[in-house]
Amino acid sequence: MQLTDFFTDYTLRTITLGTAILGAICGMLGSFAVLRKQSLLGDAISHAALPGIALAFLITGIKDANVILIGALISGLVGTFWIKGIIKRTRLKSDTALGLILSLFFGFGMLLLTFIQKMPNANQAGLDKYLFGQAATLVEEDVWMMAVVTGVSLLVLLLFWKELKLLLFDADYTKTLGFNTRFLDILITTFIVLAIVLGLQTVGVVLMSAMLLAPAAAARQWTNSLGIMIILASIFGAFSGVFGTAISASQNNLSTGPVIVLVAAAFVIVSFIFSPGRGLLFREIRFRRNRRELHLKKTLTFMYHIAKNHENVSHPHTIRILNNFQGFTRKTLTKLEEKQFIQIQGSDWAMTEKGYVEAESIFNQIGKDND
Amino acid sequence: MNNSLPAIQIDDLTVAYDYKPVLWDIDLVIPEGVLMAIVGPNGAGKSTLIKAILGIIKPIAGTVQVFGEPYKKQVDKVAYVPQKGSVDWDFPTTALDVVMMGTYGSLGWIKRPGQKEKKASLEALEKVGMLEFKSRQISQLSGGQQQRIFLARALVQNAEIYLMDEPFQGVDATTEKAIINILKELRQAGKTLIVVHHDLQTVPEYFDWVTFLNVKGIASGPVKDIFNDDNLTKTYGINYKVAVNN
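Residues numbered from 1 in each chain as written. Chains lettered and ligands numbered in written order. Predicted model: local features only at pLDDT ≥ 70, side-chain atom pairs only at ≥ 80, totals over all residues. Heavy atoms only, no water.

Colleague: Break down the overall build of chain A for me, citing the residues and quoting the values.
Modeller: Along the backbone of chain A there are 17 helices and three strands. The C-alpha atoms of chain A give 30 Å as radius of gyration, which overshoots the globular expectation for 371 residues (21 Å, by more than 25%). Projected onto the principal axes, the alpha-carbon positions of chain A cover approximately 100 × 55 × 35 Å. When burial is assessed residue by residue, chain A has 48% of its 371 residues classed as buried. Long-range contacts, defined as pairs at least 24 residues apart, comprise 69% of the intrachain contacts of chain A with a sequence gap of at least 6. Of the roughly 18,500 Å² that chain A leaves accessible, carbon and sulfur atoms contribute 63%. Counting 33 positive and 24 negative side-chain charges, chain A places the centres of these two groups 5 Å from one another. (Helix = DSSP H or I, 4+ residues; strand = E, 2+ residues; numbered from the N terminus. Rg over C-alpha atoms; globule rule 2.2 N^0.38 Å. Buried < 20%, exposed > 50% of the residue type's maximum accessible area, 1.4 Å probe, protein only. Contact = heavy atoms within 4.5 Å. Areas by Shrake-Rupley, 256 points an atom, 1.4 Å probe, with all protein chains shown as cover. Lys, Arg positive; Asp, Glu negative; His and termini not counted. Charge placed at Lys NZ, Arg CZ, Asp CG, Glu CD.)

Right, here's the structure in full:
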């Protein structure tokens, strides 16, 4: 495959555009799911959509993508609000409710699928593609549909930005200000269900929740602003779609959905390691630097206590005297000497004037912090 | 405000999660302009009472009236300071942004906060001594600072009644003094303050009104009249002195 194929090959262009839009809407709405601590809801919704797909086919007898989408949407919504109902009305915790509905609906969906496969009807083949997704079946119509839903959800997001942000941060408080939190909840949940259902054809029931969560989780690492997080998540999602499609198109027999999910996962891994504020790498570097600095400070103040009992602060002391204090190492002493806080002569150290002033200020500073 | 009406009137309020009643048949009249503590042991239903007043929790029976009307019609007159632990402080937003949320109610649906709301929020931040932290990510604030942010958010609501759920929990002595001074200022301005409070020793110093609660309402009135051993024993049982000393 050539790079130019992307722009000339109609099918490839359609698929790339479709997966990009799908990634964007999933990133956008996934941010809400992640921040509401409903990460697993996406998984439950996508699995809950399966019986809807099968029933839509059984009832209408045709394998029209739109009909199947509506079936998936209805069954996804039923599953979602069932979960919410269980959490609200019983003593079951949300993870139990999610797991229960997920497996119940998925099991029922699989049952229907096997039933359909045994039907004497040539038409039934291909419904199982919704399990793992098949991006190749995307047509221009599907892409338009995704674009419209993305546009509408963007509009709703902008319109109710203030209310949704409030709901995410503090739902009870939102209620006390007079906002209808039920309406807001249904609004955002419905759009999440919509995004998931739209992705089923491409990514499939099993992997869909990763599309929702991965871009959002990655984006959270880079920013402390909700707006930027949502924009970043959309960008990460869109790029996952584009890269995933490109990789799978350049290698034969690589299924697009899983590759997209893996690319999204790569975004997560890179973000968790390399993001400057929250990333593991920089956190470890900061941690070590702090610890080294504390070692230096502690050693220096210890020396200060010894030195201040002498008239001449630069009176030499043997290094061994530091032994009953655990924090010092050869390296700290060299570092201190480099900074001209101490002088080392043979097995003796002596505090310099500069070191004494520094130690005094550290000592006073720490005393103040503890007040 | 209409002087003939109490700030809050509660009649026959009963609230239950599952089978066990958390609040049982509460009758309570809170006059306008008091600085009131709600005291009672753990599980007495103090937070629940506040949430029931605010309509966050639906009662099984009974009514709550705010200046003679249901809460729903008076949302703009009531401000709420939830427990600090009720939200996720790792949420991606700044201190100023959280305080601005206090203006959302008066803005109503869809309308965005503008310069006027921002100015009010900055003033509230200054009042609680947090102006220099306005752009700080909220997870980087200390517990006491987070509590002040919540207080500032309630202040911008510019309400008549303030309901606060343990505003002194986990704050140091300096912050506690700063908060109580603001509360006293609000009372001076004629506002009504209802505070869930745990430290019985500071009740006479901080508050002028007190409600004893232990699932049922034990007593409610001026601190100088009813804050006594008798009511403490009725509320906390015989071991109330242990409670006081903790």
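Colleague: Can you tell me about the nonpolar core, naming the residues and giving the values?
Modeller: Core analysis: the biggest nonpolar cluster contains 170 residues, and B:Ile8 and B:Leu183 have the highest contact counts within it. Among the elements that line this core, the one with the most residues is helix 11 (residues 181-203) of chain A, at twelve residues. Not counting chain neighbours up to four residues away, the residues in contact with B:Ile8 comprise B:Leu28, B:Val29, B:Ile30, B:Ile53, B:Val64, B:Gln65, B:Val66, B:Ile161, B:Leu163 and B:Ile194. A:Ile319, A:Leu333, A:Ile342 and A:Tyr356 belong to the second-largest nonpolar core, a separate cluster that totals 18 residues. (Core = buried A, V, L, I, M, F, W, Y, C linked by side-chain atoms within 4.5 Å.)

Colleague: Quick one: what's the story with a positive patch on the surface, residue by residue and with numbers?
Modeller: Residues and elements named next belong to chain A. A cluster of basic residues, Arg283, Arg286, Arg289, Arg292, Lys297, Lys331, Lys335, Lys339 and Lys354, forms a positive patch at the surface. Secondary structure elements with two or more residues in the positive patch: helix 15 (280-307) and helix 16 (330-338). Ranked by residue count, the leading element in the positive patch is helix 15, at five residues. Inspection of the secondary structure assignment puts arginine 286 in helix 15. (Patch = residues over 30% accessible without salt bridge, like charges linked within 9 Å, V, L, I, M, F, W, Y side chains within 5 Å. Salt bridge = Lys/Arg side-chain N within 4 Å of Asp/Glu carboxyl O.)

Colleague: Describe the packing of aromatic side chains, with residues and values.
Modeller: Going through the model one piece at a time under the given rule, you end up with 14 aromatic pairs over all chains. Ring plane angle 75 degrees and centroid distance 5.8 Å describe the contact between A:Phe183 and B:Trp109, whose orientation is recorded as edge-to-face. One end of the pair, A:Phe183, is in helix 11; the other, B:Trp109, is in the loop between helix 3 (104-107) and helix 4 (115-127), on a second chain. Look at B:Phe212 and B:Phe227: their rings are 5.9 Å apart centre to centre, the planes differ by 15 degrees, and that puts the pair in the stacked class. Of this pair, B:Phe212 sits in strand 9 (residues 209-214) while B:Phe227 is found in the loop between helix 8 (223-226) and helix 9 (229-236), placing the two residues 15 residues apart along the sequence. As far as burial versus exposure is concerned, B:Phe212 and B:Phe227 are alike and both buried. (Phe/Tyr/Trp six-rings, centres within 6.5 Å; stacked < 30°, edge-to-face > 60°.)

Colleague: Hey, could you go over the packing of helix 2 (residues 10-35) of chain A against helix 11 of chain A for me, with residue numbers and the actual values?
Modeller: Angle between the axes and distance between the axes: these two values describe a pair of packed helices. Residue and element names in this part refer to chain A. One way to put it is that helix 2 packs onto helix 11 with a least axis distance of 10 Å and a crossing angle of 145 degrees. Read as a crossing pair, helix 2 and helix 11 show a hand that is left-handed. In this structure, helix 2 contributes Thr19, Leu22, Ile25, Cys26, Leu29, Phe32 and Ala33 to the contact, and helix 11 contributes Ile188, Phe191, Ile192, Ala195, Leu198, Gly199, Thr202 and Val203. Classifying every residue of the contact of helix 2 with helix 11 gives twelve nonpolar, three polar and no charged. (Axes fitted to C-alpha atoms, helices over the stretch in contact; angles between N-to-C directions. Left-handed = near helix turned anticlockwise from the far one by under 90°. Nonpolar A, V, L, I, M, F, W, Y, C, P; charged D, E, K, R; others polar.)

Colleague: Lay out helix 3 (residues 39-48) of chain A in plain terms, naming residues and giving numbers.
Modeller: Residues and elements named next belong to chain A. A large share of helix 3 lies buried, amounting to eight of its ten residues. The complete set of buried residues in helix 3 reads Leu41, Gly42, Asp43, Ala44, Ile45, Ser46, His47 and Ala48. Turning to helix 3, the residues buried within the fold contact helix 4 (50-60), helix 5 (65-89), helix 6 (94-117), helix 11 and helix 12 (208-220).

Colleague: Go over the confidence of the model for chain B with me, naming the residues and quoting the values.
Modeller: When the pLDDT values of chain B are averaged, the result is 91; 95% of them are 70 or greater. Complex prediction metrics read pTM 0.86 and ipTM 0.93. (pLDDT = per-residue confidence, 0-100.)

Colleague: Explain the interface of chain A and chain B residue by residue, including any values.
Modeller: Contact with chain A, which involves 30 residues of that partner, is made by 33 residues of chain B. Both faces combined, the contact of chain A with chain B buries some 2,800 Å², and carbon together with sulfur accounts for 62% of it. When the buried surface of chain A facing chain B is broken down by residue, A:Lys162, A:Phe169 and A:Tyr173 rank first, second and third, together holding 28% of it. Taken together, the links from chain A to chain B amount to five salt bridges. With its nearest N and O atoms 2.9 Å apart, the salt bridge here joins A:Asp170 to B:Arg153. Here chain A is connected to chain B by 14 residue pairs in polar contact (both at pLDDT 80 or more). Counting residues per element, the ones that place at least two in the side of chain A that touches chain B are helix 8 (140-159), helix 9 (161-169), helix 10 (171-176), helix 11 and helix 13 (226-250) of chain A. Ranked by residue count, the leading element in the side of chain A that touches chain B is helix 9 of chain A, at seven residues. (Buried area = accessible area lost by both parts, 1.4 Å probe. Polar contact = N/O pair within 3.5 Å; in protein donor to acceptor, adjacent residues only side chain to side chain.)

Colleague: Tell me about unusual backbone geometry, and please be specific about residues and values.
Modeller: A positive phi angle, close to 60 degrees, is found at A:Lys37, a residue other than glycine. Counting through the fold element by element, A:Lys37 comes out in the loop between helix 2 and helix 3. Classification of A:Lys37 as exposed rests on a relative accessible area of 58%. The backbone of B:Ile110 shows a phi angle near 70 degrees, a positive value even though the residue is not glycine. On the secondary structure map, B:Ile110 appears in the loop between helix 3 and helix 4.

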